[in-house]
Amino acid sequence: MSYETKAVACGSGQDVTAFVGEGTVPAGLLLITMRPASAHNEAGQLTAVRTLRPALSSLKNVFGTCDFEGVVTYAVAVSGMKPFTVSTLANPPRMVIDFAR
C-alpha cells in the first residue's frame, strides 16, 4: 500500500487516474494491492464493490482497478497524501485504513 502518481487498470494497462479523481488527478492517490485475493466468486460474479464514493472530506473515491489471478487492487483518491495506518478486524473480516487528519 503506497501513494502513487497514477492508477492503471490491470489487463488493459489503461490509465484510470483521472477517472478515480472524478475528472482530475487527485491530490493523493493510494494504491492498495491485496494478494492472494479475489473480488469475484467461481461463477465470475462480483463479491466486493467496484466503486465507492463516500461522503467524507478526506476520502473522495475508491475504484477497483484489478481482480485477476489472485490479485485485487483498489485506487483510493484522497484529499492529500496524509500518513495512514492499516489494521484488520474480525467478525466480519475486514481491513481498516485510518488516515491522519
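To keep things clear, this report deals only with the structure shown in the data block. (Residues numbered from 1 in each chain as written. Predicted model: local features only at pLDDT ≥ 70, side-chain atom pairs only at ≥ 80, totals over all residues. Heavy atoms only, no water.)

### Thoughts on the packing of aromatic side chains
Phase 1 of the analysis: This structure, assessed with the given rule, holds 3 aromatic pairs.
Phase 2 of the analysis: Note on Phe19 and Phe63: the rings are 4.7 Å apart at their centroids and 70° apart in plane angle, and the pair reads as edge-to-face. Of the two residues, Phe19 sits in helix α1 (residues 17-20) while Phe63 sits in strand β4 (residues 59-68), which places them 44 residues apart along the sequence.
Phase 3 of the analysis: We classify Phe19 as partly exposed; its relative accessible area is 44%.
Phase 4 of the analysis: Summarising the aromatic geometry, the rings of Phe84 and Phe99 are spaced 6.1 Å apart at their centres and angled 55° between planes, so their arrangement reads as tilted. Placement of the pair is Phe84 in strand β6 (residues 84-89) and Phe99 in strand β7 (residues 94-99), with a sequence separation of 15 residues.
Phase 5 of the analysis: Among the residues examined, Phe84 registers a relative accessible area of 24% and is labelled partly exposed.
Phase 6 of the analysis: The class of Phe99 is partly exposed, set by a relative accessible area of 21%.
Phase 7 of the analysis: Among the aromatic residues, those joined into a cluster by ring pairs are Tyr3, Phe84 and Phe99. (Phe/Tyr/Trp six-rings, centres within 6.5 Å; stacked < 30°, edge-to-face > 60°. Helix = DSSP H or I, 4+ residues; strand = E, 2+ residues; numbered from the N terminus. Buried < 20%, exposed > 50% of the residue type's maximum accessible area, 1.4 Å probe, protein only.)

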